Amino acid sequence: MSELFFKQTYSPLTSEQLVSQVKRNMDEERFNHCVRVSQMARELAKLNHYDENKAAVAGLVHDYAKQVPVSQYQTVIKTQNFDPDLLNWNRAIWHGIVGTYFIERDLKITDPEILTAVKRHTTGDVQMTTLDKIVFMADYIEPGRHFAGVEQAREVTYQNLDNGVGYQLAHTLTFLIENRNKIYPRTFKAYNVWSVKKD
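Residues numbered from 1 in each chain as written. Predicted model: local features only at pLDDT ≥ 70, side-chain atom pairs only at ≥ 80, totals over all residues. Heavy atoms only, no water.

Here we come to the overall build of the chain. Each helix and strand counted, the chain has eleven helices and zero strands in total. N-terminal to C-terminal, the α/β element order of the chain is α-α-α-α-α-α-α-α-α-α-α. For 199 residues, the compact-globule estimate of 2.2 N^0.38 gives 16 Å, and the chain sits close to it at 16 Å. Expressed as lengths along the three principal axes of its C-alpha atoms, the size of the chain is roughly 50 × 40 × 30 Å. In the chain, buried positions account for 49% of the 199 residues. The contacts in the chain between residues at least 6 apart in sequence include a share of 63% that link residues at least 24 apart. Of the roughly 10300 Å² of accessible surface on the chain, a fraction of 48% belongs to carbon and sulfur atoms. Each charge sign in the chain was given a centre, from 24 positive and 24 negative side chains, and these centres are 4 Å apart. (Helix = DSSP H or I, 4+ residues; strand = E, 2+ residues; numbered from the N terminus. Rg over C-alpha atoms; globule rule 2.2 N^0.38 Å. Buried < 20%, exposed > 50% of the residue type's maximum accessible area, 1.4 Å probe, protein only. Contact = heavy atoms within 4.5 Å. Areas by Shrake-Rupley, 256 points an atom, 1.4 Å probe, with all protein chains shown as cover. Lys, Arg positive; Asp, Glu negative; His and termini not counted. Charge placed at Lys NZ, Arg CZ, Asp CG, Glu CD.)

Take a look at the structure:
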């Protein structure tokens, strides 16, 4: 997409090569989501006085490994020093935490801030950098998202990024509990930091 241009890619790849490789690794719907997250990350970075270009790169690559086959994930977890407990989870968790392996391998991005933001973008964490929060929220409120509460999530996030993180964690936990889904322990811990109302 021509509107995607990065002054710096944090990789030996040019901007055009980075976009092409991301596009090759997923279907069109997922790629379009990544483009929108990149653009939203740029917007949130501007609002929060963060490097817009770096946020846009992190937004583009956040779901790079979302459609990697399950068998590949299992092999990487077993052979690349990942926590073996990850085998008890699924791609919803893996594409953030283990996805960083594929980003480093294929896109040659080794910037720790970008990799950490990708790692935390589905689970949240007790400690989150500005970039972590930007990618976490850009993924949640990008313009293609349509769910009950998304407009309020956008409003809260535009006003205060930390409050946006708290909003997302609270609503995600509510959704998971209502559907009787497993909850990743790190997400519980993140909720207790970011979402619990302060007296």
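Moving on, we come to the packing of aromatic side chains. Counting across every chain of the model gives five aromatic pairs. Ring geometry for tyrosine 73 versus phenylalanine 102: centroids 5.5 Å apart, planes at 80°, classification edge-to-face. Of this pair, tyrosine 73 sits in helix 4 (residues 70–79) while phenylalanine 102 is found in helix 6 (residues 99–107), placing the two residues 29 residues apart along the sequence. For the pair shown, tyrosine 73 and phenylalanine 102 are each scored as buried. Between tryptophan 89 and tyrosine 184, the aromatic rings sit 4.9 Å apart at their centres with planes inclined by 85°, giving edge-to-face as the arrangement. Taken together, the residues span a long stretch of sequence, with tryptophan 89 in the loop between helix 4 and helix 5 (91–97) and tyrosine 184 in the loop between helix 10 (161–178) and helix 11 (185–194) at a distance of 95 residues. Connected via pairs of aromatic rings, a cluster forms that spans Tyr73, Trp94, Tyr101 and Phe102. (Phe/Tyr/Trp six-rings, centres within 6.5 Å; stacked < 30°, edge-to-face > 60°.)

Under the counting rule described, the total for this entry stands at eleven salt bridges. Here glutamate 113 and lysine 54 are joined by a salt bridge, their closest N and O atoms 2.7 Å apart. On the criterion of sequence distance, the pair formed by glutamate 113 in helix 7 (residues 112–120) and lysine 54 in helix 3 (residues 52–61) is long-range, its members being 59 residues apart. Residue arginine 105 is joined to aspartate 106 by a salt bridge in which the shortest nitrogen-to-oxygen separation is 2.7 Å. Bridged by salt links that share partners, the residues Arg120, Asp125, Asp132 and Arg186 form one connected network. (Salt bridge = Lys/Arg side-chain N within 4 Å of Asp/Glu carboxyl O.)

Our next topic: helix 2 (residues 28–47). An ideal rise of 1.5 Å per residue puts 28 Å on 20 residues; helix 2 measures up with 29 Å between its terminal C-alpha atoms. Turning to helix 2, its buried residues number three or more, namely Phe31, His33, Cys34, Val35, Val37, Ser38, Met40, Ala41, Leu44 and Ala45. Buried-residue contacts for helix 2 involve helix 1 (15–24), helix 3, helix 8 (130–141) and helix 9 (150–159). Backbone nitrogen of glutamate 29 and a side-chain oxygen of the N-cap are separated by 3.3 Å at the start of helix 2; the cap is aspartate 27. (Expected span 1.5 Å × (residues − 1). Polar contact = N/O pair within 3.5 Å; in protein donor to acceptor, adjacent residues only side chain to side chain.)

Considering the arrangement of structural elements, one finds alanine 170 in helix 10. Each C-alpha atom, one on alanine 170 and one on lysine 23, is 32 Å from the other, the two residues being 147 residues apart in sequence. Once you skip the residues sitting within four places of it in the chain, alanine 170 turns out to touch Tyr191 and Ser195.

Bringing the packing of helix 9 against helix 10 into the picture now. Put simply, helix 9 and helix 10 touch, their axes get as near as 5 Å, and they point 150° apart. Taken together, the axis directions place helix 9 and helix 10 in an arrangement best described as roughly antiparallel. As helix 9 packs across helix 10, the resulting crossing turns out to be right-handed. Note on element contacts: helix 10 touches helix 9 through Leu161, Asn163, Gly164 and Tyr167, opposite Gln152, Ala153, Val156, Thr157 and Gln159. (Axes fitted to C-alpha atoms, helices over the stretch in contact; angles between N-to-C directions. Parallel < 35°, antiparallel > 145°, perpendicular 65-115°, else oblique. Left-handed = near helix turned anticlockwise from the far one by under 90°.)

The residue valine 61 is located in helix 3 in this model. For valine 61, a relative accessible area of 0% gives the class buried. For the pair valine 61 and isoleucine 109, spaced 48 residues apart in the sequence, the C-alpha separation amounts to 9.6 Å. Residues within four places of valine 61 in sequence aside, it is in contact with Leu18, Val22, Ile103, Leu107, Ile109, Ile114 and Val118.

Interpretation note: all reported values are geometric properties and have no functional meaning in isolation.
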